[in-house]
Amino acid sequence: MDKGHELQVEKKTLRVKSIVGEVVSQMEINKTLSLEEPVKNIRDYNMDVIVSSEETEVIEDRVMVKGLVYQQISWMNEDDVCKQQEVDTEFTHYVDVPGAQPGMDVHVAARVVDVDFMIDGRIVEEKKLLELNVKVFDAMQVNVVTDINCPNAQVETNMLKAENIIGESTTLAEIMKEYTFPETVKTVKDVDVEVMIEEEGVEILTDQVIVKGTVYMDVYYVNEEDEMKHYDIEEPFVKYVKVLGARAGMNGMVETQVEDVEYEADGDQVKLAVVLEVYTKVTECFQISVVTDVEGEGITVEKELLKVENMIGEQQTTYMFDGDITLYENAKEIMDVDQEIQINYQNTSVLDDKVIVSGVLLQQIYYVNEDDEVCQKTSKKEFMETVEVPCAKAGMNASIKTNILDVDHELEDGNTITYKIECQIFVSVTETTKMYVVTDVKYDEVSEEDKKPDKYECEEWPSMRFYIVQTGDSLWNIAAKYGITVADIVDANDIDDPDLIFPGQQLFIPCRKRGQ
């Protein structure tokens, strides 16, 4: 609390997500498609744009966006038979965002604006126009004034509701263990590692976060008969992460990345060492009254423009995928399945008190056929889920995160795989808010000499002089300085809103007649 000439100022330090920049960019994708048969006409295009959050990267003053255009094309062949074919197109696009720096957060929403094509037999020359909405955030620390106690000061306040970043931490988790395999291992060829955080796997305590998860390892090895084999391992882990300021009841977010994998085989014993990078962030939603302006004799203020995401609400739900996949041929066994959930922000929408979440479940299935060959099948399943978020309104922003909790695949009837996949969907709804907040207040005593009106008296009315507005100025202190009224300045400059003046703005200062 600062005190001076009966001026008392209360402040609070916040760490908030500030919007560095928001840019809408368009890109054109030209592609030659070769369909299964000669095409008579295209009946329908069904396209989704999926942005890869893992590969999208913020660099200096730019954002590199990577993604996939997933198409389902319905067309008529020369016998008027309706056909359908799926086509995927990967893309990379750079978007200029001044002020963007590595390490900042980015959110990208994409949609297809237009599609044009020309047909020549089985060949379709296609031109797609994509629109990308790129928003870059930065975690900034700002000292805001929350209250002023000063006689005759006019104080304006506003409510700020946002997400306060309590702390972040990146640490390593090591899993080293020896496993007994069902047979002698001649050579380990490869180890695929996937990390899943449990449904209630993030617990916030005082100054620390407990992270619980499971490491899934698919080990591919060669036995003594030179046969390629596969062995599954599930290894639970617990990691304690120190985050100063964390307290029970706060929100925790965890992201993991595999840093290193090492292995060594000795007979039927295999030593595995996995190193994980665990990133943890603790946040707290808050609502606080902040000072947006102060006017008073001798008072100057410092302000900062906050462009933040005003937190409206957060909710989570559990979603179950189930279905079956038909393989190209009969399979002897399933070797591995990679799954990923991608959100389609083009079709995800915020409505009154709810969010419609749209996305696709991608699965890469590796299996062994009857000729002992390793084959691959790609499966895609679209989904749509409604998540209730009180106070959400159309036009607000939605951020979606997913977490796969449980996976089950069964091989049935030779070439059919049935699956059940349980996942969590986290929805955060925000509203972009621009607000000038007062970061400091100072008291500059006005001398008796400066207060004398005759210092600025003129021979005639309405003689004029100029004044350039400085940072922290208000019409009240400018008028007091020159011994005139706010109304005098407003009338002389045709000002519509006395609260809106800007540094660098030129004002006419009228002079009073002698004796007035």
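Above: the structure in question.
Here goes a summary of the coordinates provided.

### Notes on the packing of helix α2 (residues 475-482) against helix α3 (residues 486-493)
Across the interface, α2 lies against α3 with an axial gap of 8 Å and an inter-helix angle of 105°. What the angle tells us is that α2 and α3 run roughly perpendicular. Packed against α2, whose contacting residues are L475, W476, I478 and A479, the element α3 presents V486, I489 and V490 at the interface. Grouping the amino acids of the contact of α2 with α3 by side-chain chemistry returns seven nonpolar, no polar and no charged.

### Regarding the pattern of salt bridges
Using the criterion set out here, one finds 13 salt bridges in the structure. We note a salt bridge from D372 to K332, for which the minimum N-O separation is 2.6 Å. Here the residue D372 occupies a position in the loop between β18 (354-369) and β19 (374-388), and K332 occupies one in strand β16 (residues 331-343), the gap between them amounting to 40 residues. Judged by relative accessible area, which is 52%, D372 ranks as exposed. Residues joined by salt bridges that share partners form a network here, namely E183, E227 and K229.

### Considering the nonpolar core
With 33 residues, the main nonpolar core has F321, V357, V427 and V429 as its most contacted residues. Within the residue set of this core, elements represented by two or more residues are β15 (299-326), β16, β18, β19, β20 (397-412) and β21 (416-443). Ranked by residues supplied to this core, first place goes to β21 with seven residues. Contacts of V427, omitting those with residues within four sequence positions, involve G313, E314, Q315, V355, V357, V387, V389, S399 and I400.

### With respect to the sheet that holds strand β13 (residues 251-266)
One key point about sheets: their strands pair by backbone hydrogen bonds, in either a parallel or an antiparallel sense. Spatially, β9-β14-β13 is the arrangement adopted by the three strands of the open sheet, whose pairing is antiparallel. Edge strands, defined here as strands with exactly one partner in the open sheet, are β9 (154-180) and β13. Across the sheet, the mean angle separating the axes of adjacent strands is 10° when strand polarity is ignored. Sheet analysis places β13 next to strand β14 (residues 269-295), joined by 15 bridges and oriented antiparallel. Residue pairing for β14: M253 is matched across the bridge by K281.

### Structural notes on the layout of surface pockets
Of the volumes computed, that of the second largest pocket is approximately 450 Å³. Along the walls of the second largest pocket sit 20 residues, with D293, K303, Y436, D499 and I501 positioned nearest its centre. Mapped onto the lining of the second largest pocket, the elements with two or more residues apiece are β14 and β15. At three residues, the largest contribution of residues to the lining of the second largest pocket is made by β14. Of the residues that constitute the lining of the second largest pocket, the class distribution is nine nonpolar, five polar and six charged.

### Brief notes about the pairing of β18
Buried residues dominate β18, accounting for 13 of its 16 residues. Pairing analysis gives eleven bridges linking β16 to β18, with the strands arranged antiparallel. Across the sheet, Q342 pairs through a bridge with V360, a residue of β18. What sits between strand β17 (residues 349-351) and β18 in their antiparallel hairpin is a turn of two residues, with D353 showing a positive phi close to 65°. Across 15 bridges, β18 lies against β19 in antiparallel orientation.

### Structural notes on the environment of A248
With respect to the helices and strands, the residue A248 is situated in the loop between β12 (228-242) and β13. Since its relative accessible area comes to 63%, A248 is described here as exposed. Distance from A248 to D207, taken between C-alpha atoms, is 9.2 Å for residues 41 residues apart in sequence. Excluding its chain neighbours within four sequence positions, the residues that come into contact with A248 are I204 and L205.

### A look at the packing of aromatic side chains
For any two aromatic rings, the description comes down to two numbers: the centre-to-centre distance and the angle of the planes. Using the criterion set out here, one finds five aromatic pairs in the structure. Here the aromatic rings of Y319 and F321 are separated by 4.8 Å at their centres, their planes lie at 70°, and the arrangement is edge-to-face. F321 shares its class with Y319; the two are buried. Measuring from ring centre to ring centre gives 5.4 Å for Y319 and F383, while their planes differ by 40°; the resulting arrangement is tilted. With Y319 in strand β15 and F383 in strand β19, this pair connects stretches of sequence that are 64 residues apart. Here the two residues Y319 and F383 agree in accessibility, since each one is buried. Taken together, F181, Y221 and Y231 form an aromatic cluster joined through their ring pairs.

Cut-offs used in this document
- Residues numbered from 1 in each chain as written.
- Predicted model: local features only at pLDDT ≥ 70, side-chain atom pairs only at ≥ 80, totals over all residues.
- Heavy atoms only, no water.
- Axes fitted to C-alpha atoms, helices over the stretch in contact; angles between N-to-C directions.
- Helix = DSSP H or I, 4+ residues; strand = E, 2+ residues; numbered from the N terminus.
- Parallel < 35°, antiparallel > 145°, perpendicular 65-115°, else oblique.
- Contact = heavy atoms within 4.5 Å.
- Nonpolar A, V, L, I, M, F, W, Y, C, P; charged D, E, K, R; others polar.
- Salt bridge = Lys/Arg side-chain N within 4 Å of Asp/Glu carboxyl O.
- Buried < 20%, exposed > 50% of the residue type's maximum accessible area, 1.4 Å probe, protein only.
- Core = buried A, V, L, I, M, F, W, Y, C linked by side-chain atoms within 4.5 Å.
- Pairing = 2+ DSSP bridges.
- 1 Å grid on protein atoms, 1.4 Å probe; cavity = no way out; pocket = protein on both sides within 12 Å on 5 of 7 lines; lining within 4 Å.
- Points joined across faces, edges and corners; volume = space filled by probe spheres on them.
- Phe/Tyr/Trp six-rings, centres within 6.5 Å; stacked < 30°, edge-to-face > 60°.

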